[in-house]
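Okay, here's what each chain looks like letter by letter:
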Amino acid sequence: MSDHGMMEKEEIFSKVLRAGRRTYFFDVRATKAEDYYLTITESKKFTNDDGSFHYKKHKIYLYKEDFTEFNEILKEMTDYIVTEKGDEVISERHQKDFKKEEYSTPNDGTEGGESVDNSDSAEKFTDINFEDI
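Notes on the structure follow. (Residues numbered from 1 in each chain as written. Predicted model: local features only at pLDDT ≥ 70, side-chain atom pairs only at ≥ 80, totals over all residues. Heavy atoms only, no water.)

**Section: the environment of Tyr 36**
Reasoning step 1: Considering the arrangement of structural elements, one finds Tyr 36 in strand S3 (residues 36-47).
Reasoning step 2: Judged by relative accessible area, which is 39%, Tyr 36 ranks as partly exposed.
Reasoning step 3: Taking the C-alpha atoms as reference, Tyr 36 lies 9.6 Å from Leu 62; in sequence the two are 26 residues apart.
Reasoning step 4: The contact partners of Tyr 36, leaving out residues within four places of it in the chain, are Ile 12, Val 28, Arg 29, Ala 30 and Lys 64. (Helix = DSSP H or I, 4+ residues; strand = E, 2+ residues; numbered from the N terminus. Buried < 20%, exposed > 50% of the residue type's maximum accessible area, 1.4 Å probe, protein only. Contact = heavy atoms within 4.5 Å.)

Structure, rendered in structure tokens:
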């Protein structure tokens, strides 16, 4: 195999981001003309019924001419999400020690809902000792 053929397969620069069952691979690769482009690969692990596992992969190819607009849109989208929802992860699947908190919903008149206060709900139950029955 020629040196040129080896250049296509050679890792030029790589980074890995592990995120739960997903792993993201960021790889700089070279075109046949020896220009660089970026591949972003999402690899997600799936477990079969028999306990074995397999990976599903999705790949994006990003070329230099698209970097500026891609970065602008990515930043705009991520900023929007953080502005609208904050940067706290609230998904139960992403928190090993997640405990659902019950909270009261204020009645501000905007949605016509009733205020629910579950803060003392445990005190509303009677403690029953089965030996008493």
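**Describing a negative patch on the surface**
Reasoning step 1: A cluster of like negative charges, contributed by Glu 65, Asp 66, Glu 69, Glu 72 and Glu 76, occupies part of the molecular surface.
Reasoning step 2: In this structure, Glu 65 sits in the loop between strand S4 (53-63) and helix H2 (67-85).
Reasoning step 3: Under the relative-accessibility criterion, Glu 65 is labelled exposed at 65%. (Patch = residues over 30% accessible without salt bridge, like charges linked within 9 Å, V, L, I, M, F, W, Y side chains within 5 Å. Areas by Shrake-Rupley, 256 points an atom, 1.4 Å probe, with all protein chains shown as cover. Salt bridge = Lys/Arg side-chain N within 4 Å of Asp/Glu carboxyl O. Lys, Arg positive; Asp, Glu negative; His and termini not counted. Charge placed at Lys NZ, Arg CZ, Asp CG, Glu CD.)

**Here we look at the packing of aromatic side chains**
Where two aromatic rings form a pair, the distance of their centres and the angle of their planes describe that pair.
Reasoning step 1: For the structure on display, the rule yields three aromatic pairs.
Reasoning step 2: On the numbers, 5.8 Å between centres and 85° between planes, the contact of Phe 53 with Tyr 55 is edge-to-face.
Reasoning step 3: Residue classification places Tyr 55 among the partly exposed residues on the basis of a relative accessible area of 45%.
Reasoning step 4: An aromatic cluster is built from Tyr 37, Tyr 61 and Tyr 63, whose rings are joined through pairwise contacts.
Reasoning step 5: One residue, Arg 21, lies across the ring of Phe 46, its end atom 5.3 Å from the ring centre. (Phe/Tyr/Trp six-rings, centres within 6.5 Å; stacked < 30°, edge-to-face > 60°. Lys NZ or Arg CZ within 6 Å of the ring centre and 35° of its normal.)

**Some points on the pairing of strand S1 (residues 13-19)**
Reasoning step 1: Inspection of the sheet shows S1 paired to strand S2 (residues 22-30) by seven bridges, in the antiparallel sense. Counted as the bridge partner of Lys 15 is Phe 26 from S2.
Reasoning step 2: A loop of two residues connects S1 with S2, the two strands running antiparallel in sequence, and Gly 20 in this loop sits at a positive phi of about 65°. (Pairing = 2+ DSSP bridges.)

**Details of the side chain of Thr 23**
Reasoning step 1: With respect to the helices and strands, the residue Thr 23 is situated in strand S2.
Reasoning step 2: The residues touching Thr 23, leaving out its near neighbours within four places in the chain, are Val 16, Leu 17, Arg 18, Thr 41, Glu 42 and Ser 43.

**Some details on the sheet that holds S3**
By way of backbone hydrogen bonds, the strands of a sheet pair with one another, either parallel or antiparallel.
Reasoning step 1: Reading across from one edge, S1-S2-S3-S4 is the order of the four strands in this open sheet, with antiparallel pairing throughout. A single partner strand is all that each edge strand has here, and the edge strands are S1 and S4. Strand-to-strand, the axes of this sheet are offset by a mean angle of 20°, without reference to chain direction.
Reasoning step 2: Taken together, the nine bridges between S2 and S3 define a ladder with antiparallel strand orientation. Counted as the bridge partner of Arg 29 is Tyr 37 from S3. (Axes fitted to C-alpha atoms, helices over the stretch in contact; angles between N-to-C directions.)

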